[in-house]
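These are the residues of each chain, in order.
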Amino acid sequence: MVLITPENRDETVELLTRLVGIGADFKLGDGVAQRRLNPHQVRDLLVTELPKEGREVDSVVRDLVRHILPLCNNEASPRFLGFGHTGADVAALAGGLLALFAQQNLINQSFAAPSATFTEIAVLRWLRDLLGYPNPLVGDVASVWDVGGVTTYGGTGSNAVAMLLARENAAPGTLHDGVREPERMHIVVPAGIGHYSVKSALEWIGVGGRIIEVPTRGYRYDLAALERILAENKGRIMSVVAYTGDSRTHTVENLRAVHDLTRAADPRIWLHSDACWGLMCAFTDELADKLDGIADFDSITVDPHKVMDIPYAMSALLVREPAALRMVSSYSDLIMQEDYAFGQVTPFIGTKEWSSLKLWAMMLAHGRDGLAEMMRKRLITTRTFAGLVDASPRLLRLNDPDMTAVVFLYLPEGADRARPDVERINAINKGIHQRILDEGRWHFHQFSLPDDTGRLAQDAVLHPLRFMGNNQRITEAHMRDALDYINGIGRQLETTQ
Ligand SMILES: Cc1ncc(COP(=O)(O)O)c(C=O)c1O
């Protein structure tokens, strides 16, 4: 079997059907990993030479299923509690499978993606609509510059496009002429809670990592400090970045206030909101207020592969003024000089897979009501978990969840809350996380976080654990077991550290 042919069609379908079953069972598995090896062991098992002779596809598949899949983490497991990227939505899996077979290339519309281009446009319009960006009438969408967004392969890519737009907005023509005055190309971010991608983007686009960090309070900008820093740096700032859900606690920025302060300081500054997580707020009326002001930002990043149960990788950068994408468009007569060729408006991307079909299928299957119901359940799970943390004498919750992230610390017995030994507390929490990873039965996330709410030691850098309530398979029993497990490890480590 090399290519699929009429002769091997049935055999191919049988093989692929079997794999779909294996994939479904993998996702339905209860544990995080079936087998755990350290990185060097995995390296030595899998980094091999390419053999001279080929093998039967069946035998390759057997190796894959026996030796590689069991070492994979199952993010759809109800014990995978650090993130919620399940990739388990049935409609999204169906869309993804079909896209794999259809092999469309959205760099071009006419011969490479005649219908895919328009499902992608539909999805981008649905996302815009959820966030409050107005859409032109369908009949007025005459080119990719009337759509108001592009899909990318992740929040990092979307943020990079936003930074490119900010740069071009600050100094039109830089795309062609190169960077002339990088001193005018700083961006403002909240200190300690930002995502590295905007800084990396500045480095990639040649302006250097020109970040101005503003102190935060409660995981949002300290607005007085923001106002002062905007005034002090007049003429040096090309963009202010606001997190509609920061990477760690998913706290939603005070978007309206950030917008108003920025526009008052300098209306030419490009306002960008990273709503990789915050898109979730658009699903339900209960959280809609949190998005107040976002529709006045110049651009918004969303990451459906984080919050919509769709398989990797799919993100989008949306722009308030659709024509803004002209600022970063490229032209080539090779294959993309036509009205609906996305290749013209997708910086850094040439061949472009039909990644949005997963989201198209998911959104159609759920509808607005289904998205609201999905979010209602997630909020119940999150509140249940927060309640269990609060009821556990050794655990300290560090955030009041805006969405589905609960960040908490294990405190050793007798910890003096008035004068905490932050170093020891961090060491024990890092130890807990390492043990969780080593054992592979559960998953929680961990990162450094300033204690912005002062629940342990104001501004101290902490290393807490993070739960996320997105996966609908998580039951209260899972949450109780996971917390018992953490408390158990904590107690053991206390005696040794
Ligand atoms: C707030 C935020 N922005 C951007 C990103 C980058 O997204 P991706 O990993 O999809 O590139 C992340 C990833 O965690 C994030 O949390």
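None of the values given here were measured: they were computed from a predicted structure. (Residues numbered from 1 in each chain as written. Predicted model: local features only at pLDDT ≥ 70, side-chain atom pairs only at ≥ 80, totals over all residues. Heavy atoms only, no water.)

Enquirer: Even after reading the chapter, I still don't get the site of the ligand, so can you show me in this structure?
Expert: Near the ligand, the surroundings consist of 14 residues, among which Gly155, Thr156, Asp274, Trp277 and Asp303 are the closest. Contact between the ligand and threonine 156: an oxygen atom at 2.7 Å from a side-chain N or O atom of the residue. Aspartate 274 places a polar side-chain atom, nitrogen or oxygen, 2.6 Å from a nitrogen atom of the ligand. A total of 390 Å² of accessible area belongs to the ligand in isolation, and the protein chains cover 83% of it. Here the ligand occupies the second largest pocket. (Near = heavy atom within 4 Å. Polar contact = N/O pair within 3.5 Å; in protein donor to acceptor, adjacent residues only side chain to side chain. Areas by Shrake-Rupley, 256 points an atom, 1.4 Å probe, with all protein chains shown as cover. 1 Å grid on protein atoms, 1.4 Å probe; cavity = no way out; pocket = protein on both sides within 12 Å on 5 of 7 lines; lining within 4 Å. Sits in = over half its atoms within 2 Å of the grid points.)

Enquirer: How should helix H10 (residues 255-265) be read in this particular structure?
Expert: The periodicity of an α-helix, 3.6 residues per turn, causes residues three or four places apart in sequence to face the same way. By the criterion of burial, H10 is predominantly enclosed, with eight of the 11 residues buried. Within H10 the residues assigned to the buried category are Leu255, Ala257, Val258, His259, Leu261, Thr262, Arg263 and Ala265. Close packing links the buried residues of H10 with strand S5 (220-221), helix H9 (223-232), strand S6 (237-243) and strand S7 (270-275). (Buried < 20%, exposed > 50% of the residue type's maximum accessible area, 1.4 Å probe, protein only. Helix = DSSP H or I, 4+ residues; strand = E, 2+ residues; numbered from the N terminus. Contact = heavy atoms within 4.5 Å.)

Enquirer: I keep staring at the side chain of aspartate 222 and nothing clicks. Help me out?
Expert: Structurally, the position occupied by aspartate 222 is in the loop between S5 and H9. Of the residues examined, aspartate 222 reaches a relative accessible area of 15% and is grouped as buried. A distance of 3.1 Å separates a polar side-chain atom of aspartate 222 from the backbone nitrogen of alanine 224. Apart from residues no more than four positions distant in its own chain, aspartate 222 is found in contact with Val214, Pro215, Thr216 and Arg217.

Enquirer: Is there a simple way to think about unusual backbone geometry in this case?
Expert: Backbone phi values are negative for most residues with the exception of glycine, while trans is the configuration of most peptide bonds. Between tyrosine 312 and alanine 313 the backbone carries a cis peptide bond, its omega angle lying at -10 degrees. Mapped onto the fold, alanine 313 is located in the loop between helix H12 (304-307) and strand S9 (315-319). The phi torsion at histidine 250 lies on the positive side, around 60 degrees, for a residue other than glycine. Mapped onto the elements of the fold, histidine 250 is located in the loop between S6 and H10. In the Ramachandran plot, aspartate 459 falls in the positive-phi region, its phi being about 70 degrees despite a non-glycine side chain. On the secondary structure map, aspartate 459 appears in the loop between strand S13 (449-450) and strand S14 (461-462).

Enquirer: Which parts of the structure should I look at to understand the sheet that holds strand S8 (residues 299-302)?
Expert: Paired through backbone hydrogen bonds, the strands of a sheet run either parallel or antiparallel to each other. Spatially, seven strands are ordered S1-S9-S8-S7-S6-S2-S3 in an open sheet, and the strand pairing comes out mixed. Edge positions in the open sheet fall to strand S1 (149-152) and strand S3 (211-214), since each of these has one partner strand only. Neighbouring strand axes in the sheet, compared pairwise and without regard to direction, differ in orientation by 20 degrees on average. As paired strands, S1 and S9 are joined by four bridges and run antiparallel to one another. Bridge pairing links glycine 149 to leucine 318 in S9. H9 contacts strand S2 (186-190), S3 and S6 of the sheet and is inclined by roughly 150 degrees relative to S3. (Pairing = 2+ DSSP bridges. Axes fitted to C-alpha atoms, helices over the stretch in contact; angles between N-to-C directions.)

Enquirer: Hey, could you run me through the pairing of S8 in this one?
Expert: Every regular strand shows the same layout, with side chains that alternate between the two sheet faces. Neither face of S8 is left uncovered, since the one carrying Ser299 and Thr301 and the one carrying Ile300 and Val302 both have all their residues buried. Sheet topology note: the S7/S8 ladder contains four bridges and is parallel. When the sheet's bridge partners are listed, aspartate 274 is paired in S8 with threonine 301. Note: S8 against S9, four bridges, orientation antiparallel. Across the sheet, the residue bridging to valine 302 is alanine 316, located in S9.

Enquirer: What am I meant to see in the sheet that holds strand S11 (residues 405-410) here?
Expert: Strands sit in the order S10-S11-S15-S12 across an open sheet of four strands; the sheet is antiparallel. Lying at the two open borders of the sheet, with one neighbouring strand each, are strand S10 (395-397) and strand S12 (445-446). Bridging between S10 and S11 involves three bridges; their strand directions are antiparallel. By the bridge assignment for S11, leucine 396 is matched with leucine 409. Against the sheet, helix H14 (residues 422-439) makes contact with S11, S12 and strand S15 (465-468), and its axis sits at roughly 115 degrees relative to S11, the strand it touches most. Of the strands in this sheet, S10, S11 and S15 are in contact with helix H15 (residues 476-496), which crosses S11 at around 25 degrees.

Enquirer: Any chance you could explain the layout of surface pockets here in plain terms?
Expert: Once rolled over the atoms, a probe with the size of a water molecule shows which space is left empty. In this structure, the largest pocket encloses a volume near 1,600 Å³. Looking at the largest pocket, it is lined by 48 residues, and the ones nearest its centre are Lys27, Gly87, Leu93, Leu97 and Pro311. Among the secondary structure elements, those contributing two or more residues to the lining of the largest pocket are helix H1 (9-28), helix H3 (57-68), helix H4 (90-102) and helix H13 (356-391). For the lining of the largest pocket, the class distribution of residues is 27 nonpolar, 14 polar and seven charged. (Points joined across faces, edges and corners; volume = space filled by probe spheres on them. Nonpolar A, V, L, I, M, F, W, Y, C, P; charged D, E, K, R; others polar.)

Enquirer: It is not clear to me how the packing of helix H6 (residues 155-170) against helix H8 (residues 196-204) should be interpreted in this structure. Could you clarify?
Expert: For the pair H6 and H8, the least separation of the axes is 9 Å and the interaxial angle reads 55 degrees. Here H8 runs oblique to H6, going by the angle between their axes. Regarding H6 and H8, the two cross each other, and that crossing is right-handed. For the pair H6 and H8, contact is made by Thr156, Asn159, Ala160 and Met163 and by Tyr196, Ser197, Val198, Ala201, Leu202 and Trp204, respectively. In the contact of H6 with H8, the residues fall into seven nonpolar, three polar and no charged. (Parallel < 35°, antiparallel > 145°, perpendicular 65-115°, else oblique. Left-handed = near helix turned anticlockwise from the far one by under 90°.)

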